[in-house]
Amino acid sequence: MVKIRPIKQQDDFELAKIIRTILKSYGLDIPGTAYFDKELDHLSSFYGQKDDREYFVAVDDAGNVLGGNGIAEFDHANHVAELQKLYLTDSARGHHLSYRLLDTAVGFAKGAGYQTVYLETHHALKEAIHLYTEYGFTDLGHPLNNGEHSSMDKFFVLHI
């Protein structure tokens with residue numbers, strides 16, 4: 001049984017490895033992607049700095065990290081959060097775990113007072129785009145407020 005819980009410091013190394021491995025497998029180990037985010041090696045610290053941020057980790061019965069996703073502020077004035085770093089190991093894919101992670105993150109965003117969830121992705125991440133579309137995200141066609149990841153070329157929002 002897979003459990004979803006808030007990130008702990010001991011998860012940082014494994015999550016950074018999962019994210020970098022997946023991005024590299026798609027040729028996205030380039031500037032302007034999460035691969036080079038300064039907080040990637042210390043996600044627990046980054047998400048723990050503010051009450052309106054959280055990163056959720058999926059772990060199996062043995063405690064192995066399977067992936068996760070985060071919510072952080074994007075545009076406070078307009079109540080917009082950003083969905084960040086939704087990645088799963090190959091073995092965890094295909095079991096609807098992404099939907100469970102999205103449910104958890106979106107629920108947190110709503111509880112934190114956000115009204116919209118924004119995300120940036122890349123056209124090469126076809127599985128992710130399918131997931132977001134199926135979940136109800138709408139393709140914006142352009143970045144919101146000049147997003148941080150300049151190599152991303154697909155932009156979605158979900159009104160919650």
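Under an unreviewed UniProt entry, the protein chain has the name N-acetyltransferase domain-containing protein and belongs to Lentilactobacillus buchneri DSM 20057.

(A) Region of the structure containing the overall build of the protein chain. A count of helical and extended segments in the protein chain gives 4 helices and 7 strands. Seen in sequence order, the protein chain has helices and strands lined up from the N terminus as β-α-α-β-β-β-α-β-α-β-β. Taken against the 2.2 N^0.38 rule, which gives 15 Å for 160 residues, the C-alpha radius of gyration of the protein chain at 14 Å falls within 12% of a compact globule. Within the protein chain, buried positions represent 50% of all 160 residues.

(B) Layout of the packing of helix α3 (residues 97-111) against helix α4 (residues 126-135). It is the contact of α3 with α4, at a shortest axis distance of 11 Å, that shows an interaxial angle of 55°. With respect to α4, the axis of α3 lies oblique. Here α3 and α4 pass one another in a crossing that is right-handed. Only Leu 131, Tyr 132, Glu 134 and Tyr 135 of α4 make contact with α3, whose side of the interface consists of Ser 98, Tyr 99, Leu 102, Asp 103 and Val 106. Residue classes in the contact of α3 with α4 are distributed as 6 nonpolar, 1 polar and 2 charged.

(C) Expanded view of the pattern of salt bridges. Under the criterion given, the structure shown has 9 salt bridges. With a closest N to O distance of 2.7 Å, Asp 37 and Lys 85 form a salt bridge. Taken together, the residues span a long stretch of sequence, with Asp 37 in the loop between α1 (12-25) and α2 (43-48) and Lys 85 in strand β4 (residues 80-88) at a distance of 48 residues. The pair formed by Asp 37 and Lys 85 is uniform in burial state, with each residue classed as buried. Between Glu 73 and Lys 50 there is a salt bridge, with the nearest N and O atoms lying 3.5 Å from each other. Remark: Lys 50 occurs in the loop between α2 and β2 (54-59) and Glu 73 occurs in strand β3 (residues 65-75); sequence separation between them is 23 residues. For Glu 73, a relative accessible area of 18% translates into the label buried.

(D) View of the sheet that holds strand β5 (residues 116-121). Strands sit in the order β1-β2-β3-β4-β5-β7-β6 across an open sheet of 7 strands; the sheet is mixed. The two strands at the open ends of the sheet, each matched to only one other strand, are β1 (3-6) and β6 (138-139).

(E) Broad picture of the packing of aromatic side chains. Overall, the coordinates contain 9 aromatic pairs when judged by the stated rule. Ring geometry for Phe 74 and Tyr 118: centres 4.7 Å apart, planes at 40°, overall tilted. Here the residue Phe 74 occupies a position in strand β3, and Tyr 118 occupies one in strand β5, the gap between them amounting to 44 residues. For Phe 74, a relative accessible area of 22% corresponds to the partly exposed category. For Tyr 118, a relative accessible area of 0% translates into the label buried.

(F) Local environment of the environment of Tyr 87. By the secondary structure assignment, Tyr 87 is in strand β4. The sequence separation of Tyr 87 and Gly 67 amounts to 20 residues, and the corresponding C-alpha distance is 5.4 Å. With residues up to four places along the chain from it excluded, the contact list for Tyr 87 reads Ile 18, Ile 19, Ile 22, Leu 23, Ala 34, Leu 66, Gly 67 and Gly 68.

Thresholds, definitions, all that
- Throughout this document, residue positions are counted from 1 along each chain, in the order its sequence is written.
- A pLDDT threshold of at least 70 governs which residues receive local features in this predicted model, and a stricter bar of 80 or more applies before side-chain atom pairs are shown or counted, although totals over entire chains, interfaces and linings include all residues.
- To get the side-chain values, all heavy atoms of the structure are used, and hydrogens and water are removed first.
- In this description a helix means any DSSP run of H or I spanning at least four residues, a strand means any run of E spanning at least two, and both kinds are numbered starting from the N terminus.
- Only the C-alpha atoms count toward the radius of gyration. The rule for a globule is 2.2 Å times the residue count to the power 0.38.
- Three exposure classes are used, based on accessible area relative to the maximum for each residue type with a 1.4 Å probe and protein chains only: buried under 20%, partly exposed in between, and exposed over 50%.
- Fitting a line to C-alpha atoms yields each axis, with helices limited to the stretch in contact; the angle taken between N-to-C directions then spans 0 to 180 degrees.
- Angle categories are assigned with fixed cut-offs, so that under 35 degrees is roughly parallel, over 145 is roughly antiparallel, 65 to 115 is roughly perpendicular, and the rest are oblique.
- Should the near helix be turned anticlockwise from the far one by less than a right angle, the crossing is left-handed, and should it be turned clockwise, the crossing is right-handed.
- Two residues form a contact once any of their heavy atoms are found within 4.5 Å.
- Residues are sorted three ways: Asp, Glu, Lys and Arg are charged, Ala, Val, Leu, Ile, Met, Phe, Trp, Tyr, Cys and Pro are nonpolar, and all the rest, Gly among them, are polar.
- A pairing counts as a salt bridge when a side-chain nitrogen of Lys or Arg comes within 4 Å of a carboxyl oxygen of Asp or Glu.
- Criterion used throughout: strands pair if DSSP finds at least two bridges between them.
- The aromatic pairing rule takes the rings of Phe, Tyr and Trp, using the six-membered ring of Trp, and pairs them if the centres are within 6.5 Å, calling planes under 30 degrees apart stacked, those over 60 edge-to-face and the rest tilted.

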